[in-house]
Amino acid sequence: MRSMRALSLSLSIFAGAAVATTESTGKASIHDLALQKWTVTNEYGNITVPGKFPSQAHLDLHAAGVIGESNNGLNDFDLRWIAAQNWTYTSKPISGLSKHSDIATWLVFDGLDTYATVKFCDHIVGTPDNQFRQWFYDVSSALASCKSDPVLSINFGSVPRIINAINASDEVQHWPASVVYPFEYPNRQWVRKEQNDFGWDWGPAFSPVGPWQPGRIVQLSKGGELYSLNTDIDIFRKGQFNNFAPDQTAPWVVNASLDFLGTLPKHASMSVIITDASDSRSVLYSGKLEGVTQSDMTVTGSVTIDAHKPKLWWPRDMGNQQLYNITVSVSSAGSKTPILVSQRRVGFRTILFSSGNITDAQIASGITPGNNWHFEINGHEFYAKGANLIPPDAFWPRVTSDRMNRLFDSVESQNFNMLRVWSSGTYLPDWIYDIADERGVLLWSEFQFSDTLYPDSDDFKANVVGEITYNVRRLNHHASLACWMGGNEFENLMLPIAQGADPATYPYVLGQYENLFITTLFNVLAANSHSISYSPCSANNGWLEIDLDLPVPIVERYYNTTSGHIYGDTDFYNYDTSVSFDTSAYPVGRFANEFGFISMPSIQTWQQAVDPEELSFNSTTVILRNHHYPAGGLTRNIHNSTLGQVEMTLAVERYYPTPDKTDPVANFSSWCHATQLFQADMYKSEIQFYRRGSGLPERQLGSLYWQLNDIWQAPTWAGLEYDGRWKVLPYVSRRTYEHVIASAFWNYTANELEIWVTSDLWEPVAGEVSLTWVDLKGKPIANNAGMTKSTKFNVGAINTTQIITANIQSDLKIPDTSDAVLVIELTAHGKLPNAASSKTTTFTHHNHFLPVWPNQAKVSDPKLHLSYNKSTKKFTVEATAGVSLYTWLTHPAGVLGFFDDNAFVLRPGEKKEVGFTLQQDTTGGKWTEQVTVESLWDLTTP
Ligand SMILES: *[C@@H]1O[C@H](CO)[C@@H](O)[C@H](O)[C@H]1NC(C)=O
Ligand SMILES: *[C@@H]1O[C@H](CO)[C@@H](O)[C@H](O)[C@H]1NC(C)=O
Ligand SMILES: *[C@@H]1O[C@H](CO)[C@@H](O)[C@H](O)[C@H]1NC(C)=O
Ligand SMILES: *[C@@H]1O[C@H](CO)[C@@H](O)[C@H](O)[C@H]1NC(C)=O
Ligand SMILES: *[C@@H]1O[C@H](CO)[C@@H](O)[C@H](O)[C@H]1NC(C)=O
């Protein structure tokens, strides 16, 4: 382990090298590389196509018709020749640059993917090696030596080849194979590139290369022009320190720290103006910053603002998303004209990730001892509801803001307040955090490391410090930034695997982990942010001590546990579907950050990527696109993929009617749908269980399902298919994440039924639950099967209460349990957090309970009728002959959006109006005629 002294030295070097993009002032002239003409050439020189900037080679090859769409068919295997060679992006000669000796010329790249040789006018000016950093090079002398207009060329090395070579060298250390298990391409631990580019259990492995982020040439007068590279705005309560609860009555400190290119004269001054982001005349603060310090590339100052003057930013459904614009200006001593200006949009809020010991006061209130593991916004505990975000595409340059806004529509519509930005994709661009700031969706953010061990050699660590410094500073101002975690699944997965694989080297491996993920990275975070809490990874048991003066500044609890106590979060997968609905098999923890099961995407989504003749459950293409379980290498591992197909098949066979249709495509479609029903029911069961835990001794305060979205068209854990189409899951999670829910818990071995009401409101709430037993023709069951027809409840803030307990066999009188359904309808009146005291809201929730598995239910044809009203733009669905279970509206390809409700129960005679949130329509409105409706019954028809 290295000493703190060495660390602070490397910090001071890399704090300066930390950098991002955006505005500049003065007469700096900016030449956007997107406006230049580019070609892309392969290693052998026999493929040259026009290029874009930003871009990646696969995208440009596709645009030129050299390859088809990468996501299609078996291109995951067939396009590996692209990753196996080098690709060079070459500009046409760049005109319009000044060669005046008084001008400094810089190349600034916001991201290069990944190993590159950058040449400007035939001079090598840099060899970047980290996808996640901003790179900038002084090319003044290269330009001066240029006889004509300069050419910029960027040669991107084949990443698999380079990391294999690193792995083969004697210099690197080798861990047991079980801790560096490859999904497809091996050796990703050596490279700072999106780790899922090498394959994951839900995605392909393209290992793309290219200038994936914008870039520019910046020309500055040496006489004092500056260019702003990155800006760190840190807003915190006075005295606040990352992982500790701040004093909510303390004044705010606004610390602004600007990274720049150019020469800043000594004794610069800084000023700031903070206005309402929607009204520039409403000024919160205007004045000088105090305590200005400057170094070669950074200038920093701060100001204190009265504790109660700013309006607070809250996550959605907890209050307003009040944002402010902050403009920071830097001027030379004695001058009023700024030479550097940087603007950001910020919010005033504290967000704590609390994972220290459960206190005596908490124990006295009924909470089980152990560690906390939850979030607090502005000093309030809240229940975190959401899912895990993976990269929305294997190729980031084609991710548009339209796409991400549609994705966030689906996030809000599922009643989420948080997403976990899972490592190992990339650090998200600022514009995605902007969307989250506006919509009030907290982003639990992670450094991009996952599911392997990583080295802690000096050069690797220095590269990572540059990466973390840049990204922490770049993203720190976003109100939606909820925390930083070092990576994914180290303490509760990788370290135990490493210990099991080789107990003798484990202390060394643990030391490496602590050196990189605690000592190094926590110090980087603490040096650049007072406002954001840190945990070295997700899935752990919390911390015992935090003190920057300790050799390892966070002492993790690891397995220093006491039986019966509760620690940390849970990360839970059980692919044995015989126990999928057994709540006693679910983990009891403080927070569920991952849980789930795979399902097939819909036929409409399969049709985007798979040829018609391959559209069947067990076709080679469909099987090989299932990466659960991963191939473990570059082979076409039918065996491993089939295991995942078998799990889904067994799940359907155990619980749902098994489709057996004569039309093969219809049969495939029904099977896909059936896997989605299982997935949705299983997640619902888990979410209800975790939410109920908010009022039980475990004080469970969050559930984020795995996974929100898809990177391609394949069987995965996703709720949203590749183009954003909703599976069954999002409709069910939307209902299950209503504020006040009534949920059935069925102990099916004892045949005990309990119904609980759970609320995540911050004040007690009262209401009523109606309970209606009917048979599957819709006829009321006599005497409501002996159950009360309605019951009133009171439930405390973020708490739960049991309203019904009954043995189905002995307490209820159900003539035939396979011909019965309980319809549960809740209504409550209460207050949303921070709502005006006069403003009450009516909360409703619809649920149902079948006392048998759906494949035992005696469903009959409900004879559904569907109509569309052009003026109200609503569909009406009616069941005319029987109870419709899992009533399912499908929209055709060509439109994007989602229904107001779906997968619902409809009794005969009930008419339900369903609207549609239309996000995109390429059918000219014709889609409404192609919407279909089905139900569980349709799985059984030939
Ligand atoms: C380019 O050259 C390489 C190496 O000689 C060869 O394998 C490949 O087939 C060639 N590709 C094309 C498109 O000609
Ligand atoms: C605040 O800044 C954003 C860009 O960050 C800008 O779009 C908006 O117009 C600004 N608001 C005002 C009131 O100037
Ligand atoms: C937390 O509890 C552990 C015992 O489980 C104890 O060793 C540690 O000192 C406690 N930490 C703090 C900050 O009180
Ligand atoms: C997948 O295949 C690899 C061989 O490439 C094997 O080592 C691994 O155990 C398999 N995984 C599963 C879950 O069967
Ligand atoms: C939840 O409600 C129960 C019953 O009213 C109460 O005893 C318990 O303290 C509450 N839990 C929390 C965390 O407020």
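Computed from a prediction, not measured in an experiment: that's the story for all the values here. (Residues numbered from 1 in each chain as written. Chains lettered and ligands numbered in written order. Predicted model: local features only at pLDDT ≥ 70, side-chain atom pairs only at ≥ 80, totals over all residues. Heavy atoms only, no water.)

Chemist: Before we go on, may I ask you to explain the overall build of the protein chain in this structure?
Modeler: What the protein chain contains, in helices and strands, is 18 helices and 46 strands. Here the protein chain has a C-alpha radius of gyration of 29 Å; the compact-globule value for 942 residues is 30 Å, and the two agree. Looking at the protein chain residue by residue over its 942 residues, the buried ones come to 63%. Restricting to contacts in the protein chain with at least 6 residues of sequence separation, those with at least 24 account for 73%. Of the roughly 33000 Å² of accessible surface on the protein chain, 52% is carried by carbon and sulfur atoms. Between the centroid of the 68 positive side chains of the protein chain and the centroid of its 95 negative side chains there is a distance of 6 Å. (Helix = DSSP H or I, 4+ residues; strand = E, 2+ residues; numbered from the N terminus. Rg over C-alpha atoms; globule rule 2.2 N^0.38 Å. Buried < 20%, exposed > 50% of the residue type's maximum accessible area, 1.4 Å probe, protein only. Contact = heavy atoms within 4.5 Å. Areas by Shrake-Rupley, 256 points an atom, 1.4 Å probe, with all protein chains shown as cover. Lys, Arg positive; Asp, Glu negative; His and termini not counted. Charge placed at Lys NZ, Arg CZ, Asp CG, Glu CD.)

Chemist: Sorry, what's going on with the sheet that holds strand β15 (residues 290–294) here?
Modeler: Working definition: the strands of a sheet are paired by backbone hydrogen bonds and lie parallel or antiparallel to each other. Taken in spatial order, the four strands make up an open sheet running β11-β12-β16-β15, and their pairing is antiparallel. Strands with a single pairing partner mark the edges of an open sheet, and in this sheet they are β11 (227–237) and β15. Put simply, the sheet's adjacent strands are angled 15° from each other on average, direction ignored. The sheet contact formed by β11 and strand β12 (residues 252–261) spans 10 bridges and is antiparallel. Paired with T231 across the bridge in β12 is L258. (Pairing = 2+ DSSP bridges. Axes fitted to C-alpha atoms, helices over the stretch in contact; angles between N-to-C directions.)

Chemist: Is there a simple way to explain the site of ligand 2 in this structure?
Modeler: The environment of ligand 2 is made up of D276, A277, S278, D279, S280, N325 and Q343. Between ligand 2 and the protein, one listed contact pairs an oxygen atom with a side-chain N or O atom of N325 at 2.4 Å. Taking Q343, its side chain carries an N or O atom lying 3.5 Å from an oxygen atom of ligand 2. In the complex, the protein chains occlude 48% of the 360 Å² of accessible area that ligand 2 would expose alone. Tallied by class, residues from the shell around ligand 2 come to one nonpolar, four polar and two charged. (Near = heavy atom within 4 Å. Polar contact = N/O pair within 3.5 Å; in protein donor to acceptor, adjacent residues only side chain to side chain. Nonpolar A, V, L, I, M, F, W, Y, C, P; charged D, E, K, R; others polar.)

Chemist: Is there a simple way to think about the confidence of the model for the protein chain in this case?
Modeler: Where the model shows low pLDDT, its predicted coordinates should not be examined in detail. Averaged over every residue, the pLDDT of the protein chain is 95; residues scoring 70 or more account for 97%. Across residues 1–26, confidence stays below pLDDT 50; counting only partners more than four residues off in sequence or on other chains, it has 74 contacts. (pLDDT = per-residue confidence, 0-100.)

Chemist: Explanation requested: the pairing of strand β13 (residues 269–276) in the structure shown.
Modeler: Within a regular strand, side chains alternate between the sheet's two faces. Sheet topology note: the β13/strand β17 (residues 324–331) ladder contains eight bridges and is antiparallel. Paired with S271 across the two strands is S329, which belongs to β17. Pairing of β13 with strand β14 (residues 279–288) involves six bridges; the strand directions are antiparallel. For V272, the partnering residue across the bridge sits in β14 and is G287. Counting the residues between successive antiparallel strands, the hairpin from β13 to β14 contains two residues.

Chemist: Hey, could you run me through the environment of V49 in this one?
Modeler: As for its position among the elements, V49 is in strand β3 (residues 48–51). A residue is classified by how much of its surface remains accessible, and V49, at 4% relative accessible area, is buried. Here the alpha-carbon distance between V49 and L61, two residues 12 residues apart in the chain, equals 6.7 Å. Once residues within four sequence positions are removed from consideration, V49 is found in contact with W38, T39, V40, D60, L61, A64 and V66.

Chemist: Explain the UniProt feature "glycosylation site" (unreviewed entry) in the protein chain here, please?
Modeler: Taking the UniProt record as the reference, the feature "glycosylation site" (unreviewed entry) is found at N46, N167, N325, N357, N640, N667 and N799. The annotated residues occupy 754 residues of the chain and do not converge on a single region, their most distant C-alpha atoms lying 66.2 Å apart. When you line up the elements, N325 lands in strand β17. Residue position: N357 is located in the loop between β19 (351–354) and α7 (360–364). You can call N357 partly exposed: its relative accessible area is 40%. Residues within four places of N357 in sequence aside, it is in contact with Q362, G370, N371, N372, W543, L544 and R557. (UniProt positions renumbered as here; feature names shortened; annotations may be inferred.)

Chemist: Just to check I follow, could you spell out the site of ligand 3 for this structure?
Modeler: All residues in the neighbourhood of ligand 3 are listed as N357, L544, E545 and R557. Measuring from an oxygen atom of ligand 3, one finds a side-chain N or O atom of E545 at 2.8 Å. Bound to the protein, ligand 3 loses 45% of the 360 Å² it would expose on its own. For the shell around ligand 3, the residue count by class is one nonpolar, one polar and two charged.

Chemist: Help me out: how do you make sense of the packing of aromatic side chains in this one?
Modeler: Ring pairs (aromatic) are described by centroid distance and by the angle formed between their planes. Evaluated as defined, the whole model comprises 72 aromatic pairs. For the ring pair W726 and Y731, a centre distance of 4.7 Å and an interplane angle of 50° mean the geometry is tilted. Overall, the relative accessible area of 2% leaves Y731 in the buried class. Plain terms: the ring middles of W746 and F849 are 5.6 Å apart, the flat faces sit at 80° to each other, and that makes the pair edge-to-face. Note that W746 is positioned in strand β32 (residues 740–747) and F849 in strand β38 (residues 841–849), a separation of 103 residues in sequence. (Phe/Tyr/Trp six-rings, centres within 6.5 Å; stacked < 30°, edge-to-face > 60°.)

Chemist: Explanation requested: helix α10 (residues 458–475) in the structure shown.
Modeler: Given 3.6 residues per helical turn, the α-helix brings residues three or four places apart onto the same face. End to end, α10 covers 26 Å across 18 residues, agreeing with the expected 26 Å (1.5 Å per residue, within 8%). Across the 18 residues of α10, 15 count as buried, placing the element largely inside the fold. (Expected span 1.5 Å × (residues − 1).)

Chemist: Just checking my understanding: could you explain the sheet that holds strand β40 (residues 874–879) for this structure?
Modeler: The strand order across the open sheet formed by three strands is β39-β40-β44, and the pairing between neighbours is antiparallel. In this open sheet, the two strands that pair with only one neighbour each are β39 (864–869) and β44 (911–914). On average, each strand axis in the sheet is inclined to that of its neighbour by 20°, with strand direction left out of account.

Chemist: Sorry if this is basic, but what is going on with the domain arrangement of the protein chain here?
Modeler: Partitioning the protein chain into domains gives domain 1 (27–217), domain 2 (223–346), domain 3 (363–392 + 400–588) and domain 4 (864–940). Between the C-alpha centres of domain 1 and domain 2 the distance comes to 34 Å. The interface is formed by nine residues belonging to domain 1 together with seven residues belonging to domain 2. Note on domain 1 versus domain 2: buried area summed over both sides is about 680 Å², and carbon and sulfur give 62% of it. At the junction of domain 1 with domain 2, the criterion picks out zero salt bridges. (Domains from an automatic or database assignment. Buried area = accessible area lost by both parts, 1.4 Å probe. Salt bridge = Lys/Arg side-chain N within 4 Å of Asp/Glu carboxyl O.)

Chemist: Whenever I open this one, the environment of L510 confuses me. Can you help?
Modeler: Within the element layout of this structure, L510 appears in helix α12 (residues 506–528). With 268 residues separating them along the chain, L510 and N242 place their C-alpha atoms 24 Å apart. Beyond its immediate stretch of four places on either side in the chain, L510 contacts L495 and Y558.

Chemist: Honestly, the nonpolar core in this entry has me stumped. Any pointers?
Modeler: The tendency in soluble globular proteins is for nonpolar side chains to be buried as a group. Counting residues in hydrophobic clusters, the biggest one holds 244 residues, and the most contacted among them are F375, F449, W484 and W773. Excluding its chain neighbours within four sequence positions, the residues that come into contact with F375 are I351, L352, F353, H380, E381, F382, M418, W444, A482, C483, M485 and F591. In terms of nonpolar packing, the next biggest core, distinct from the first, is built from 26 residues, I233, L284, L289 and F348 among them. (Core = buried A, V, L, I, M, F, W, Y, C linked by side-chain atoms within 4.5 Å.)

Chemist: Help me out: how do you make sense of unusual backbone geometry in this one?
Modeler: Glycine aside, the phi torsion of most residues is negative, and most peptide linkages are trans. In the segment running from H628 into Y629, the intervening peptide bond is cis, with an omega of 20°. In this fold, Y629 is placed in the loop between α14 (620–624) and α15 (638–655). Residue Q707 is bonded to the preceding W706 through a cis peptide linkage, with omega at 5°. Its location among the elements puts Q707 in the loop between β31 (702–705) and α17 (728–736). Positive phi, normally seen in glycine, also occurs at N783, with a value near 55°. The residue N783 is located in the loop between β34 (765–774) and β35 (790–795) in this model. You will see that I798, though not glycine, has its phi angle at about 40°, which is positive. According to the relative accessible area criterion, I798 is buried, its value standing at 5%.

Chemist: Help me understand the packing of helix α16 (residues 664–692) against α17 in this model?
Modeler: Direction vectors running N to C along α16 and α17 enclose 20°, while the axes themselves pass 8 Å from each other. The angle between the axes of α16 and α17 places the two elements in the roughly parallel class. Considering the relative orientation of α16 and α17, their crossing is right-handed. Note on element contacts: α17 touches α16 through V728, L729, V732, S733 and T736, opposite H673, Q676, L677, Q679, A680, Y683, K684, I687, Q688 and R691. For the contact of α16 with α17, the class distribution of residues is seven nonpolar, six polar and two charged. (Parallel < 35°, antiparallel > 145°, perpendicular 65-115°, else oblique. Left-handed = near helix turned anticlockwise from the far one by under 90°.)

Chemist: I tried to follow the pattern of salt bridges on my own but got confused; where do I start?
Modeler: One side chain can pair with another of opposite charge once the charged atoms of both are near each other. Under the definition given, this model contains 32 salt bridges. For R216, the salt bridge goes to D110, with nearest N and O atoms at 2.6 Å. Placement of the pair is R216 in strand β10 (residues 215–221) and D110 in the loop between β5 (103–109) and β6 (116–120), with a sequence separation of 106 residues. When the shortest N-O distance is used, the salt bridge between R316 and E412 registers 3.4 Å. Of this pair, R316 sits in the loop between β16 (298–305) and β17 while E412 sits in helix α8 (residues 401–413), placing them 96 residues apart in sequence. Taking the relative accessible area as the measure of exposure, R316 reaches 13% and is therefore buried. Counted as one network, the salt bridges with shared partners bring together E69, D393, R398 and R403.

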